[in-house]
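# A look at the structure
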Amino acid sequence: SSGINAEYGQDGARIEAAFKKYVHRAHAEQKEDSHEVIVCHGNVIRYMVCRALQFDPEGWLRMSLANCSITHITIRPNGNVGLRGLGEKGHLSPEKMTYN
C-alpha cells in the first residue's frame, strides 16, 4: 500500500508541475497569442481542467473523456480562464471512439 501511495505522490507532483508550466497567463511583455498542444492521458487533462477552472481537484473523477478527444482551454491576459471544449470527439468515427 505504501508503494502505491508513493507512486501516486510522484505522479501527482509531476502533474502539478506540468500544470504550473503550461497553464498560466502570458507574461506581460508577450504581444502575440501563444498555443500549447499537450498530448497526455485523460486523467491529466481532467485534473488540469479542474485546476484551471478553480474547481475541487477531485471533480475530475466525475468527468469522462474519449480517448483521442480534444479539450480547449483559453487563458485571457487578465487571468480569466475559459473552457472552450471538453472531450470533443467529432473528428473520430463512431467505431474509433473508445473510453477508459
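In case you missed it, the structure is sitting above this.
First, a word on what this report is: a plain description of the structure on this page. In this text, all values refer to a predicted model and were calculated from it rather than measured experimentally.

## Here we look at the overall build of the chain
Secondary structure summary: the chain contains two helices and two strands in total. Reading the chain from its N end, one meets helices and strands in the order α-α-β-β. Taken along the three principal axes of its C-alpha coordinates, the chain extends 45 × 40 × 20 Å. The buried share of the chain, reckoned over its 100 residues, is 20%. Considering only contacts in the chain between residues 6 or more positions apart, those separated by 24 or more positions represent 40%. Within the structure as shown, the chain displays about 7800 Å² of accessible surface, and the carbon and sulfur contribution to it stands at 52%. Put simply, the chain has 12 plus and 11 minus side-chain charges, and the middle of one group is 2 Å from the middle of the other.

## Focus: the pairing of strand 2 (residues 81-88)
With five bridges connecting them, strand 1 (residues 70-75) and strand 2 associate as antiparallel partners. By the bridge assignment, Thr74 is partnered in strand 2 with Gly82. Here strand 1 folds back onto strand 2, and the loop between the two strands holds five residues, one of which, Gly79, carries a positive phi near 95°.

## Quick notes on the pattern of salt bridges
Taken as a whole and assessed by the stated rule, the structure comprises two salt bridges. Close ionic contact of Arg14 with Asp11 constitutes a salt bridge, the shortest N to O distance being 3.1 Å. Highlighted residues: Arg14 and Asp11, both in helix 1 (residues 2-22), separated by three residues, approximately one helical turn. A relative accessible area of 59% places Arg14 in the exposed class.

## A look at the side chain of Thr74
Note that Thr74 resides in strand 1. You can call Thr74 buried: its relative accessible area is 14%. When neighbours within four sequence positions are excluded, Thr74 is seen to be in contact with Asn80, Val81, Gly82 and Arg84.

## Examining unusual backbone geometry
Residues apart from glycine generally show negative phi values, whereas peptide bonds are mostly found in trans. Notably, Gln54 is not glycine yet its phi reads approximately 60°, a positive angle. The class of Gln54 is exposed, set by a relative accessible area of 73%. In this structure, Cys68 is a non-glycine residue whose phi angle is positive, near 70°. With respect to the helices, strands and loops of the structure, Cys68 is situated in the loop between helix 2 (42-52) and strand 1. On the basis of relative accessibility, which here comes to 59%, the residue Cys68 falls in the exposed class.

## Side note on the layout of surface pockets
Reported here for the largest pocket is a volume of approximately 1400 Å³. Glu36, Ile38, Thr71, His72 and Ile73 are the residues nearest the centre of the largest pocket, which is lined by 39 residues in total. Here the residues of the lining of the largest pocket are counted per class, giving 18 nonpolar, 15 polar and six charged.

Criteria and cut-off values
- The residue numbering used here restarts from 1 in each chain and proceeds along that chain's sequence as written.
- Residues qualify for local features only when their pLDDT is at least 70, as the model is predicted, and side-chain atom pairs are given and counted only at 80 or more; totals for whole chains, interfaces and linings, by contrast, use all residues.
- Side-chain metrics rest on all non-hydrogen atoms present in the structure, leaving aside hydrogens and water.
- Going along the chain from the N terminus, every DSSP run of H or I of four or more residues is numbered as a helix, and every run of E of two or more is numbered as a strand.
- Relative accessibility under 20% of the residue-type maximum defines a buried residue, over 50% an exposed one, and the middle range a partly exposed one, all with a 1.4 Å probe and only protein chains included.
- Contact criterion: two residues are considered in contact whenever any of their non-hydrogen atoms come within 4.5 Å of each other.
- Per-residue and other accessible areas were derived by the Shrake-Rupley procedure at a 1.4 Å probe size, with only the shown protein chains allowed to occlude residues.
- In summary, the charge assignment counts Lys and Arg as positive and Asp and Glu as negative, without counting His or the chain termini.
- Note on charges: their place is set at NZ of Lys, CZ of Arg, CG of Asp or CD of Glu.
- The criterion for strand pairing is that DSSP finds at least two bridges linking the strands in question.
- Note on definitions: salt bridges are taken to be side-chain nitrogens of Lys or Arg within 4 Å of carboxyl oxygens of Asp or Glu.
- Both cavities and pockets are sets of points on a 1 Å grid over the protein atoms alone; in a cavity a 1.4 Å probe fits but cannot get out, in a pocket the set is open with protein on both sides within 12 Å along at least five of seven lines, and lining residues sit with an atom within 4 Å of a point.
- Grid points are joined across faces, edges and corners, and a volume is the space filled by probe spheres set on the points.
- In this classification, Asp, Glu, Lys and Arg are treated as charged, Ala, Val, Leu, Ile, Met, Phe, Trp, Tyr, Cys and Pro as nonpolar, and every other residue, Gly included, as polar.

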